[in-house]
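Working through the structure, step by step
As a plain string of letters, each chain reads:
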Amino acid sequence: MIESRLFAGEKLLWSGQPWQGLFLLRPMDLFLVPFSLLWAGFALGIPGTIVIGGGQIPPFPFILVALIFPIVGVYAVIGRFLVDAWLRGATTYAVTNQRVLIERSGLFRSNKSLDIDRLPALEFSERADGSGTIRFGTMSWFVGNGMGIWSPATDPVPQFLRIEHVRNVYELIAQQRRRG
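Our subject in this report is the structure included herewith. (Residues numbered from 1 in each chain as written. Predicted model: local features only at pLDDT ≥ 70, side-chain atom pairs only at ≥ 80, totals over all residues. Heavy atoms only, no water.)

Take N97: it is sitting in the loop between strand 2 (91–96) and strand 3 (99–104). With relative accessibility at 18%, the residue N97 sits in the buried group. Polar contacts involving the side chain of N97 include one to the main-chain amide nitrogen of K11, which spans 2.8 Å. In contact with N97, other than residues within four places in its own chain, are G9, E10, K11, L13, Q176 and R179. (Helix = DSSP H or I, 4+ residues; strand = E, 2+ residues; numbered from the N terminus. Buried < 20%, exposed > 50% of the residue type's maximum accessible area, 1.4 Å probe, protein only. Polar contact = N/O pair within 3.5 Å; in protein donor to acceptor, adjacent residues only side chain to side chain. Contact = heavy atoms within 4.5 Å.)

So this is what it looks like as structure tokens:
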């Protein structure tokens, strides 16, 4: 699929995918996991208060809230990991002599193409096993992050998320930037 998007004279130098496991934990999850468990515990208690609330049916807005809060709680505890793994499974990365490509197939299809000579930033973090993440922009934990705080695959900053041999890929991109 990547090869079909190459320009005339463009050469594919590397391609890969993000890590394919279910739980891609980040330092931020030290806060998010306990928070989501507290949220879910509270949210799942709301329907119980309706049932034991004296037999009267509460007003519609309260019923709506009583349904939405548990759904959000279940998503925060487990759903976000399932969605993130599914999105990562449909994602392919590539480095050419001219661009960085990020493609996602399936229901949430998207294609990102970044000119190597115009990357706003190039940051990488490496784990002990040699895998890691390359970000093509600066990280903002809360401002403009959208759902990226809950699901790394939806982070609005383009990135190669938890790839193998991250240092080699980082150096390859840096070489292509220097040649330009």
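Here the narrative resumes, following the displayed structure.
The sharpest bend along helix 2 (residues 60–89) measures roughly 55° and falls at I78. Burial in helix 2 covers these residues: A66, P70, G73, A76, G79, R80, F81, D84, A85, L87 and R88. (Bend = angle between axes of the 7 residues up to and from the residue.)

Taken in spatial order, the three strands make up an open sheet running 5-6-7, and their pairing is antiparallel. Looking at the sheet topology across the chains shown, the edges are occupied by strand 5 (123–126) and strand 7 (159–163). Averaged over all pairs of adjacent strands, the angle between their axes in this sheet comes to 5°, without regard to strand direction. (Pairing = 2+ DSSP bridges. Axes fitted to C-alpha atoms, helices over the stretch in contact; angles between N-to-C directions.)

Relative to the elements of secondary structure, E103 occurs in strand 3. Judged by its relative accessible area of 2%, E103 falls in the buried class. Beyond its immediate stretch of four places on either side in the chain, E103 contacts M1, I2, R5, A90, T91, T92, S110 and N111.

Turning next to the nonpolar core. I134, F136, F160 and I173 are the most contacted members of the largest nonpolar core, which totals 19 residues. Only strand 2, strand 3, strand 7 and helix 3 (166–179) provide two or more residues apiece to this core. A per-element tally of this core places helix 3 first, with four residues. (Core = buried A, V, L, I, M, F, W, Y, C linked by side-chain atoms within 4.5 Å.)

Let us now look at the packing of aromatic side chains. This model, assessed by the stated rule, comprises ten aromatic pairs. Between F23 and F81 the ring centres are 4.9 Å apart and the planes differ by 65°, which places this aromatic pair in the edge-to-face class. Linking F23 in the loop between strand 1 (12–16) and helix 1 (29–51) with F81 in helix 2, this pair joins segments that are 58 residues apart in sequence. Among the residues examined, F23 registers a relative accessible area of 40% and is labelled partly exposed. On the accessibility criterion, F81 (6% relative accessible area) is buried. Their ring planes at 70° and their centres at 6.4 Å tell us that F42 and F69 sit as a pair that is edge-to-face. Within this pair, whereas F42 is found in helix 1, its partner F69 is found in helix 2, the two being separated by 27 residues in sequence. Put simply, the rings of F31, F35, W39, F42 and F69 touch in pairs and so form one group of aromatic residues. R99 extends its terminal NZ or CZ atom over the ring of F7, reaching a point 3.8 Å from the ring centre. The positively charged end of R162 is found above the aromatic ring belonging to W19, 4.5 Å away from the centroid. (Phe/Tyr/Trp six-rings, centres within 6.5 Å; stacked < 30°, edge-to-face > 60°. Lys NZ or Arg CZ within 6 Å of the ring centre and 35° of its normal.)

Attention shifts here to the pairing of strand 5. With four bridges connecting them, strand 5 and strand 6 (residues 132–135) associate as antiparallel partners. What sits directly across from S125, in strand 6, is T133. Between strand 5 and strand 6, which pair antiparallel and follow one another directly, the connecting turn spans five residues, one of which, G130, has a positive phi of 90°.

These results come straight from atomic positions and should not be treated as a statement about function.
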